[in-house]
Amino acid sequence: MEIYVQKERGVFALSTPKMSYLMKVDEEGRLVHLYWGAPVKDITPAGIASRRDFPYSDHGGELYRPEYRAQDPRDFDPPALSIRYPDGVRNTVLRYRSYSISDGALTIVLSDDIMKISVELLYQGWGDLDLITRSVTIRNEGEAPVVLETVRSATLHLPGHLHYRLTHFAGKWGAEYQRQRIMLTQSQVVLESHRGVSASHQSVPFFALDPMGRTTETAGEVYFGALHWSGDFELIAYQNPDGLVGVTGGIGTYDTFVELEPQETFTAPGLTFGYTGHGFGEMSRILYDWQYDFLLPRSKAYSPRPVIYNSWYPFEFDLHEETLLKVIEQAADIGAELFVVDDGWMKGRDCDRRGLGDWYLDEERFPHGFRPLIEACHAHGMKFGLWVEPEMVNPDSNLYRAHPDWVLHDEGRKPWLSRNQLVLNLAREDVCQFAIDMLDRLLAEYELDYLKWDMNRYFGETGWPGASSKEIGELRIRFIQNLYRIWDHLNKVAPHILFENCAGGGGRADFGMVPYCDRINRSDNADPVDLMLIHEGFTTLFPPKTAGGAGNISPSPNGINGRTLPLQYRIDWGMTGSMSIGIDLLTADSEELIRLKEAVRRFCELRPLMNNSYVYRIASAYEGPCTVLEYVDREGKGAVVFAFGHGLHFRQYLPLFRLRGLEPHGRYEDEDGNIFEGETLMNWGVSISMAGDYASHVLVFRKVG
Ligand code: GLA
C-alpha cells in the first residue's frame, strides 16, 4: 500500500495496485471520506472538487461522510462510536489532530478536545493486494471514566448514489455459508451474531456490495470487507435518504460495553476492506492470496494437508484401545497419513452427558494409555492427533464439581444446558490459564501432530457473579481476546502441529481465526448434495485445502440428513477439500476398502495441483442443478475440474463448460493424453455429462508447454 499525504490541503491518499482510498480534512477540521474504488490518481483541487458527492450540503447531515462516525449531533447514519460521559453528555464531535506513518501504515488521530477523547485510525496494507485493514484505538484523555457503548472498527462509504446489492453468507448448523443476495433499499441491513462464541453457522462476518446488482463471477465491481473477530459482531449495510451507501461494523453491542478509565485505551479488531473491478471470482482470489501469503499460520501456509482418518462419524463415543488399534491398521492400509482420536477419549466420556472438562484419558477403555495407539500410528508412518473442547464442561465432571464458579451462570438460576454442557468463562484469567496448562500438558504427554479444537454450544446466561461492572461489560470481548491468546500460545509453542478450528462444524469460520488454524471444520454436514451449496460458500471465502471436517468422505446414509449416496460421489466430493475419511473401516467390505485406498492414492496424486490453488466457480448450484469447480494452481501447473450433477431433468441442456484462469497459449494435457490450448478450454469449453441421479467427474489438465 502506498501512502500519499498532501499536507497543505489535508488530503490523505492510500493506493494499492488497483484500488484508491481518499480522505480529506474539511474546513471545519473534520476528517471526511472522499473516495473508495478503482484507481483515482488525480488529487489536485480540481480533481477532488469535481466529485459529485463532495463538497456536501450539510442541511440534514445525510451527505456528511465522516471517515469515522461518532455520535455527532449533525449525523444520522449508524455511528461507529457512541460514548456515555460521566456528566451525561452523549455526543462526540471528532476533529483532525495529527497523523503519522510508520512501518508502511498510516495513523490519523482525531479528537474531541472538549470531551477529552482521542481516536487513532490505523490503515495497513498487505503487500500488493487490493486490501486495507482498518482498526481503531480509543483513548480516554479525561480525568473520569467513560463508557463506550458502541465501538466499531470502521465506517466505510461506497461511491455515491448507486444502488447496491449486498452479498453475504448465512445459514445454520449443518447448512452453513449459504450465499444470500438482496438489493439494498433505504434501510439498514444488520448482519450480526450475539451468540457469544461463534458466528459463522448463522452468519459470517463478511460483506460484499456490487453496484446495481450486475456484477458477475468474471466482470464488474465488488466492494467487500471482513471482520477479524470470532465473537459477537455487527456489520450494518445501509442506504440513507440521500442515497449514500455505507457499511459500519465491528464487535457487537448486545450485552456489551467498555468502561475506559482515565488514560486507558481500547483497540477494536481489524476490519479489512477490498475492491476489485473483475467480479466475485477475483474477490475470492484476493481473499485466497491474502490467506496463503499473509494470514495462514506461516510454518504450514504452503504445505499440503495430510489425509486424515477420524474416529467421530463411525465410532462417536464408543472408543476402546482394541478397536482403535484395528482401525489404525486399516487406516494405514488405505493410505491415511494422520489418525485422529475424536471426542470420547476422556475419563467417563462415553456419551455427551459427562466427562467434558476432565482432560485425562479413560483408563478403563485405554488401560495402557495412548502409547500403544501412538506407536501403532508411528510404526505405519502415520501421525497422531486429538480432539479437545477447552471452553466447555459437563456438569457431571470433576472440573465442574471443583470449580462450579468457572462457568457462565446467574446465581440462583438453573443454567441452560445445551448438548448437556455449560460454557466456561474464558474471560476469567484462571480459566484461561487452566486451558493453557491443560493444552501444554496434552501436547507434551502425547507428542501430538494435530489438535482439533471444538466448541459445541452458544452462550446462554452471561452471568459472572462477583465481577466488576467493567468485567461484565467486557465479558464477551475478553472471552474472545483470551481465546486468541491461547491460540497464539499454541502456535508459538507448537508451530509444527496441524491445528483444526472446529466449532460444532463450521461455527468459527471467520478471518479472526484464520491466522491460528490450518484447517477449518467446514460443516458437520458432509452430505455431498448439501455440500454443493456449503462448499461453494466456504470456498468463496477460504482456500479449499483449509476445508476440514471429521469425514469429508462421509458415511452413507448420512448421519445428518439420512441421504444415501454412491461411494464414488462421496469420494469425489471428499477430494474437493482437505481429505478426511469418516467411514467405519471395520465393517466396510473389501470392495469399499479398495476404492477408498484408490481414492487416497488419487487424491495424493492430484494434491500438488490443488494445494495452493484458486477455485473458479464455473457452474454454481445456486443457479442450476450442477456444480463445476475448477481448481487452478497458483503457479500455473494446471487445473483439476470437479463436476457434480444432481437431479437434472430430461431435456435440461447443459452448456459446454468454459474453463478460466489458464494461459491462453499454454498447452494442457488431459488424462487421456489429449493436448489442448488454454484458449480452447476457456473459450470453446469442455463437455461434461451430468446424466444420472448423481454424476461426478474429476478432470485433470496438466500444463505441458
Ligand atoms: C462436533 C464436531 C464433530 C465432532 C463432535 C464431537 O460436532 O464438529 O466433528 O468432533 O463435535 O463431539
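Residues numbered from 1 in each chain as written. Predicted model: local features only at pLDDT ≥ 70, side-chain atom pairs only at ≥ 80, totals over all residues. Heavy atoms only, no water.

**Here we look at the overall build of the protein**
Quick note on the threshold: Secondary structure elements follow DSSP: runs of H or I of four or more residues count as helices, runs of E of two or more count as strands, with numbering from the N terminus. Within these notes, the globule rule equals 2.2 Å times the number of residues to the 0.38 power, and the radius of gyration is based on C-alpha atoms. Relative accessibility under 20% of the residue-type maximum defines a buried residue, over 50% an exposed one, and the middle range a partly exposed one, all with a 1.4 Å probe and only protein chains included. By the convention used here, residues are in contact when the closest approach between their heavy atoms is within 4.5 Å. Methods summary: accessible areas were calculated by the Shrake-Rupley approach with a probe of 1.4 Å, and residue burial reflects only the protein chains presented.
Along the backbone of the protein there are twelve helices and 36 strands. By the compact-globule yardstick of 27 Å for 705 residues, the protein fits well, its C-alpha radius of gyration being 26 Å. Projected onto its principal axes, the C-alpha positions of the protein cover 80 × 70 × 45 Å. With 705 residues in all, the protein has 61% of them scored as buried. Sequence separation of 24 or more characterises 70% of the internal contacts of the protein that already satisfy a separation of 6 or more. Summing over all exposed atoms, the protein offers an accessible surface of approximately 25,600 Å²; the carbon and sulfur share of this is 51%.

**Considering the site of the ligand**
Condition: Whether a residue is near a molecule or strand is decided by its heavy atoms; if any one of them lies within 4 Å of it, the residue is near. Polar contact is defined as a pair of N or O atoms within 3.5 Å, subject to the rule that within protein one atom must be able to donate a hydrogen and the other to accept it, and that residues adjacent in sequence are counted only when both atoms are side-chain atoms.
The immediate surroundings of the ligand are formed by 14 residues, with Asp342, Asp343, Lys452, Asp454 and Asp524 found nearest. Measuring from an oxygen atom of the ligand, one finds a side-chain N or O atom of aspartate 454 at 2.7 Å. With respect to the ligand, the side chain of aspartate 524 contributes an N or O atom lying 2.4 Å from an oxygen atom. If the ligand stood free it would expose 310 Å²; the protein chains cover 97% of that surface.

**Details of the packing of helix α4 (residues 321-334) against helix α5 (residues 371-379)**
Filter applied, for reference: Between N-to-C directions, angles cover 0 to 180 degrees, with each direction set by a line fitted to C-alpha atoms, over the stretch in contact for helices. For classification purposes, angles smaller than 35 degrees are called roughly parallel, those larger than 145 roughly antiparallel, those between 65 and 115 roughly perpendicular, and all remaining angles oblique.
Viewed as axis vectors pointing N to C, α4 and α5 meet at an angle of 5 degrees, and their least axial separation amounts to 10 Å. Judged by the angle between their axes, α4 and α5 are roughly parallel. Only Pro372, Leu373, Ala376 and Cys377 of α5 make contact with α4, whose side of the interface consists of Glu321, Leu324, Leu325 and Ile328.

**A word on the nonpolar core**
Selection criterion: The term nonpolar core refers to a set of buried residues drawn from Ala, Val, Leu, Ile, Met, Phe, Trp, Tyr and Cys, joined through side-chain atoms within 4.5 Å.
Counting 212 residues, the largest nonpolar core has Tyr68, Trp345 and Phe370 as the members making the most contacts within it. Of all the elements, helix α7 (residues 429-446) adds the most residues to this core, at ten residues. Ignoring any residue separated from it by four or fewer positions in sequence, one finds tryptophan 345 in contact with Leu319, Trp359, Tyr360, Leu361, Asp362, Arg365, Phe366, Phe370, Leu386, Trp387, Val388 and Leu442. Core analysis: the second largest hydrophobic core is formed by seven residues, Val11, Leu22, Ile43 and Ile48 among them.

**Section: the environment of asparagine 398**
Its location among the elements puts asparagine 398 in helix α6 (residues 398-402). Separated by 40 residues in sequence, asparagine 398 and aspartate 358 have C-alpha atoms that sit 6.4 Å apart.

**Structural notes on the UniProt feature "domain: Glycosyl hydrolase family 36 C-terminal" (unreviewed entry) in the protein**
For the record, the criterion: UniProt positions are given in the numbering used here, feature names are shortened, and annotations may be inferred rather than shown by experiment.
Following the UniProt record, one finds the feature "domain: Glycosyl hydrolase family 36 C-terminal" (unreviewed entry) at residues 627-701. The span residues 627-701 is 9% helical and 40% strand by assignment, and the distance between its end C-alpha atoms comes to 18 Å.

**Regarding α4**
Each full turn of the α-helix corresponds to 3.6 residues, which orients residues three or four apart in the same direction. Heads up, the rule is: Multiplying 1.5 Å by the helix residue count minus one yields the expected span of that helix. The arc refers to the directions leading from the helix axis to the C-beta atoms.
Along its 14 residues, α4 runs 20 Å from first to last C-alpha, staying within 8% of the 20 Å computed at 1.5 Å per residue. Looking only at α4, the buried set comprises Glu321, Leu324, Val327, Ile328, Ala331 and Ile334. Seen from one end, α4 has its buried residues packed into an arc of 140 degrees, which puts them on one side. Along its buried surface, α4 packs onto β21 (308-310), α3 (312-315), β22 (338-341), α5, β30 (580-581) and α11 (590-610).

**Some points on the packing of aromatic side chains**
Each aromatic ring pair is summarised here by two numbers: the centre-to-centre distance and the angle between the ring planes. Under the convention used in this document: Pairing of aromatic side chains here covers Phe, Tyr and the six-membered ring of Trp, requires ring centres within 6.5 Å, and sorts the geometry by plane angle: under 30 degrees stacked, over 60 edge-to-face, intermediate tilted. Only lysine NZ and arginine CZ atoms are considered, and such an atom sits over a ring when it is within 6 Å of the ring centre and within 35 degrees of the ring normal.
Inspection of every chain in the model, using the stated rule, returns 37 aromatic pairs. Ring geometry for tryptophan 345 versus phenylalanine 370: centroids 5.7 Å apart, planes at 50 degrees, classification tilted. One end of the pair, tryptophan 345, is in the loop between β22 and α5; the other, phenylalanine 370, is in the loop between β22 and α5, with 25 residues separating them in the sequence. Above the ring of tryptophan 416, the side-chain terminus of arginine 457 is found at 4.5 Å from the ring centroid.

**A short note on the side chain of aspartate 633**
Filter applied, for reference: When charges are tallied, Lys and Arg are placed among the positive residues and Asp and Glu among the negative ones, while His and the ends of the chain are skipped. Salt bridge, as used here, is a side-chain nitrogen of Lys or Arg placed within 4 Å of a carboxyl oxygen of Asp or Glu.
Residue placement: aspartate 633 occurs in strand β32 (residues 626-633). Although aspartate 633 lies buried, it forms no salt bridge, and the closest oppositely charged side chain, lysine 637, sits 4.2 Å away as judged by the N-O distance. Discounting chain neighbours no more than four positions away, the residues touching aspartate 633 are Pro608, Leu609, Asn612, Ser613 and Gly638.

**Some remarks on the sheet that holds strand β13 (residues 175-183)**
Counted only if it meets this: A pair of strands counts as paired when DSSP detects no fewer than two bridges linking them.
One open sheet accounts for nine strands, arranged β6-β7-β8-β9-β20-β16-β15-β12-β13; its pairing is antiparallel. The sheet terminates laterally at β6 (95-102) and β13, the two strands that pair on one side only. The sheet shows a mean angle of 20 degrees between the axes of neighbouring strands, direction not considered. Note that strand β7 (residues 105-112) and strand β8 (residues 117-125) share seven bridges and pair antiparallel. When the sheet's bridge partners are listed, threonine 107 is paired in β8 with leucine 122. Along the sheet, helix α9 (residues 528-541) makes contact with β12 (164-172), β13 and β15 (206-211), crossing β13 at roughly 75 degrees.

**Remarks on the pairing of strand β4 (residues 31-37)**
Most of β4 is tucked away: seven of the seven residues are buried. Here strand β3 (residues 19-25) folds back onto β4, and the loop between the two strands holds five residues, one of which, glycine 29, carries a positive phi near 85 degrees.

**Section: the environment of glutamate 363**
Secondary-structure assignment places glutamate 363 in the loop between β22 and α5. Spatially, the C-alpha atoms of glutamate 363 and glycine 250 are 46 Å apart, while their sequence positions differ by 113 residues.

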